[in-house]
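Residues per chain, in single letters:
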Amino acid sequence: MTFEAVAYESIPHALISGIAISLLCSAVGLFLVLRKFSLFGDALAHSAFGGVAFGLFIGIYPLWIACAVAILSALGLSKIRQKFDISGDAIVAILLSTGLGAGIILVGLVEDFEFHDIEEFLFGSAIVDTQNVVSILAMSVAILTILFFTYKKLLYSTFSEEQAKASGIPVDKMSYLLITIAGVTVIISMQLVGVLLISALFVLPNVSAMLYARSFKQTMILSMSFAVFATVFGIIISYQLDISQAGSIVVVAAAIFIGSLIVKSAGLVKTTGIMAKAR
Amino acid sequence: MIVDIQKLSVDYSGIKALDDISFGIAEGDFLGIIGPNGAGKSTLFRCMLGLHTQYDGTIKFFDQDIRDSKKYLSQVGYVPQKPVVDRNFPATIREVLSMSQNSNDPKKVDEALQKVWMHELADRRIGDLSVGQQQRVFIAKALVNSPKILVLDEPVTGIDMYNQDLFFQILGELNTKEKISIIWASHDLDAVERVANKVACLNKTLFFHGVSKEFFSDDEMLKKYSETSMQMHMHHH
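Cut-offs applied
- Residues numbered from 1 in each chain as written.
- Chains lettered and ligands numbered in written order.
- Predicted model: local features only at pLDDT ≥ 70, side-chain atom pairs only at ≥ 80, totals over all residues.
- Heavy atoms only, no water.
- Helix = DSSP H or I, 4+ residues; strand = E, 2+ residues; numbered from the N terminus.
- Buried < 20%, exposed > 50% of the residue type's maximum accessible area, 1.4 Å probe, protein only.
- Lys, Arg positive; Asp, Glu negative; His and termini not counted.
- Charge placed at Lys NZ, Arg CZ, Asp CG, Glu CD.
- Pairing = 2+ DSSP bridges.
- Contact = heavy atoms within 4.5 Å.
- Axes fitted to C-alpha atoms, helices over the stretch in contact; angles between N-to-C directions.
- Patch = residues over 30% accessible without salt bridge, like charges linked within 9 Å, V, L, I, M, F, W, Y side chains within 5 Å.
- Areas by Shrake-Rupley, 256 points an atom, 1.4 Å probe, with all protein chains shown as cover.
- Salt bridge = Lys/Arg side-chain N within 4 Å of Asp/Glu carboxyl O.
- Phe/Tyr/Trp six-rings, centres within 6.5 Å; stacked < 30°, edge-to-face > 60°.
- Lys NZ or Arg CZ within 6 Å of the ring centre and 35° of its normal.
- Buried area = accessible area lost by both parts, 1.4 Å probe.
- Polar contact = N/O pair within 3.5 Å; in protein donor to acceptor, adjacent residues only side chain to side chain.
- Expected span 1.5 Å × (residues − 1).

J.: What should I look at first to understand the overall build of chain B in this one?
T.: If you tally the helices and strands in chain B, you get eight helices and ten strands. Principal-axis analysis of the C-alpha atoms gives chain B an extent of 50 × 40 × 35 Å. For chain B, with 237 residues in total, the buried portion stands at 53%. If the 27 positive side-chain charges of chain B are averaged to one point and the 32 negative ones to another, these points end up 4 Å apart.

Now the structure itself:
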């Protein structure tokens, strides 16, 4: 199959799954960014890499193993963090390096291993088949529905853990829910942007949106818009210029962020101005 | 009795934070809990709000032991010591109130903001407000579920005199007009004498609980309070 043929068939699939993934990453990422846990997505992705390697090692479909490994290790470390009062950034570093270290060892033990086997997990894949598109859409709808019904509690525990607890909100359960949702989101998104670039979709659209918006809802809507734009534009230019799809998405998201910084520092838009006028 | 605390003791790694505390809060009480830093005021509140569960004794809200159910928290409004608000947290005042709301009725949010005279700033970002204004928002947030009791932990620390007066005026109105009981921790004796109708004097043990006027007209009691405060101060340094 030539590149043109693959590109022609893959664009709609890549766009549909890309839009679903970008909505999901920006929504989940906003809670992580506000909790000052921006690199948590990265840490989950790296521990998922350990899971992928383990899946290849034991010969089971690696993505589901990766999902279980990422979530269980994140939940376990979260418990350890609470019990031993270890800082959040240290937990992220532990999760990230341990996942990668274990992954490298396991990959080395796989017989007849070829780099191509893990390439799509590391850098994402431009080819998404119909079955994958359907599962990405179903998982995205499920997670966004959970977020819709729990966002008030998640937001309150993010805003002030102590006050949320004093209001009877099960703050610990909310954290575990967020970790689980983030883990599943990472696994879904790995197919598009890969382990190495995943945190860009979690962080860049949200930080860009926070430069403009003054309310949570505005931030969420703007962030989703930036993420969708970055993904769609990134996919299109990757096909046009025959360059990496994941890299293009991340570079467009970074360009939106840099553009926002320039607009903000030039005084063209005030933090609370752009949407206030639109209200 | 709205709150009934019996034989409450808390121990942090062998060091007593609270020792055999017993007192109650009746409907309409505006109780000022006074005591120096380290007297156990925050520990007492943390136990009452279910944030610290390692204690001996019993705490009952509305005749029910708080160890049995957390439902009482829906009728308790809590205003923390100092609002720790990230300046860049993207939430409006309205959203901050809505996130703690049990119902989805926007009218309740507006009513709560009106009670603290903040309704005109409802769509401002919480991080853009002064500390005094933020503290008023936190009272409104505590009021949004129509609580029966407000718990305030040194709420005016770091707030200018104008906002302090405004704050006490609002609390006074909530207590007299809305019939909300208030329990308020402070180390500012003048403020407590001015606004509270009951006083509890805490220094790990409770050595006075009764009518405010009785405490402030008893020279022996005031002398005892200042002596223990001084001891605590020396101990801290």
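J.: Even after reading the chapter, I still don't get the sheet that holds strand β5 (residues 64-65) of chain B, so can you show me in this structure?
T.: Sheet strands pair by backbone hydrogen bonding; their relative direction is either parallel or antiparallel. All names here are of chain B. The strand order β2-β1-β4-β5 describes an open sheet built from four strands, whose pairing is antiparallel. Two strands close off the open sheet at either side, each with one partner strand: β2 (15-25) and β5. Pairing of strand β4 (residues 56-61) with β5 involves two bridges; the strand directions are antiparallel. Of the residues in β5, the one forming a bridge with Lys60 is Asp65. Against the sheet, helix α1 (residues 41-48) engages β1 (3-12), β2 and β4, with an angle of about 120° to β1.

J.: Can you help me understand a nonpolar patch on the surface in this one?
T.: Residues and elements named next belong to chain A. On the surface, Phe54, Phe57, Ile58, Ile60, Tyr61, Trp64, Ile105 and Leu109 cluster together into a nonpolar patch covering about 820 Å² of accessible area. Among the secondary structure elements, those contributing two or more residues to the nonpolar patch are α2 (40-58) and α4 (88-109). The element best represented in the nonpolar patch is α2, accounting for three residues. Inspection of the secondary structure puts Ile58 in helix α2.

J.: Is there a simple way to explain the packing of aromatic side chains in this structure?
T.: One pair of aromatic rings is described through two measures. These are the centre distance and the angle between the planes. According to the stated counting rule, one finds 15 aromatic pairs over all chains in the structure shown. Between the aromatic rings of Phe148 of chain A and Phe149 of chain A, the centroid separation amounts to 5.3 Å while the plane-to-plane angle is 85°, which identifies the pairing as edge-to-face. Per residue, the accessibility class of Phe148 of chain A equals that of Phe149 of chain A, and both read exposed. Ring plane angle 70° and centroid distance 5.9 Å describe the contact between Phe30 of chain B and Trp184 of chain B, whose orientation is recorded as edge-to-face. Residue Phe30 of chain B is found in strand β3 (residues 30-34), and its partner Trp184 of chain B is found in strand β8 (residues 181-186); the two are separated by 154 residues along the sequence. Neither Phe30 of chain B nor Trp184 of chain B differs from the other in exposure class; each is buried. Linked through ring pairs, Phe30, Phe167, Phe168 and Trp184 of chain B together constitute an aromatic cluster. Above the plane of the ring of Tyr55 of chain B lies Arg67 of chain B, whose end atom (NZ or CZ) is 4.0 Å from the centre.

J.: Is there a simple way to think about the interface of chain A and chain B in this case?
T.: Put simply, an interface is often sized by how much accessible area is lost when its parts join up. Across the boundary between the two partners, chain A contributes 23 residues, which contact 27 residues of chain B. Together chain A and chain B conceal approximately 2,200 Å² of surface at their shared face, both sides included; 60% is due to carbon and sulfur atoms. The largest share of the area that chain A buries against chain B comes from Lys152, Phe159 and Arg214 of chain A, three residues that together contribute 31% of it. At the junction of chain A with chain B, the criterion picks out two salt bridges. We note a salt bridge from Glu162 of chain A to Arg46 of chain B, for which the minimum N-O separation is 3.3 Å. For the interface between chain A and chain B, the tally reads eleven residue pairs in polar contact (both at pLDDT 80 or more). Counting residues per element, the side of chain A that touches chain B draws most heavily on helix α6 (residues 130-159) of chain A, which supplies five residues.

J.: What is the right way to read helix α4 (residues 131-143) of chain B from this model?
T.: The end-to-end C-alpha distance of α4 of chain B is 18 Å, a good match for the 18 Å that 13 residues give at a rise of 1.5 Å each. The buried fraction of α4 of chain B is high, at eleven of 13 residues.

So far we have only geometry, and geometry alone does not tell us how the molecule works.
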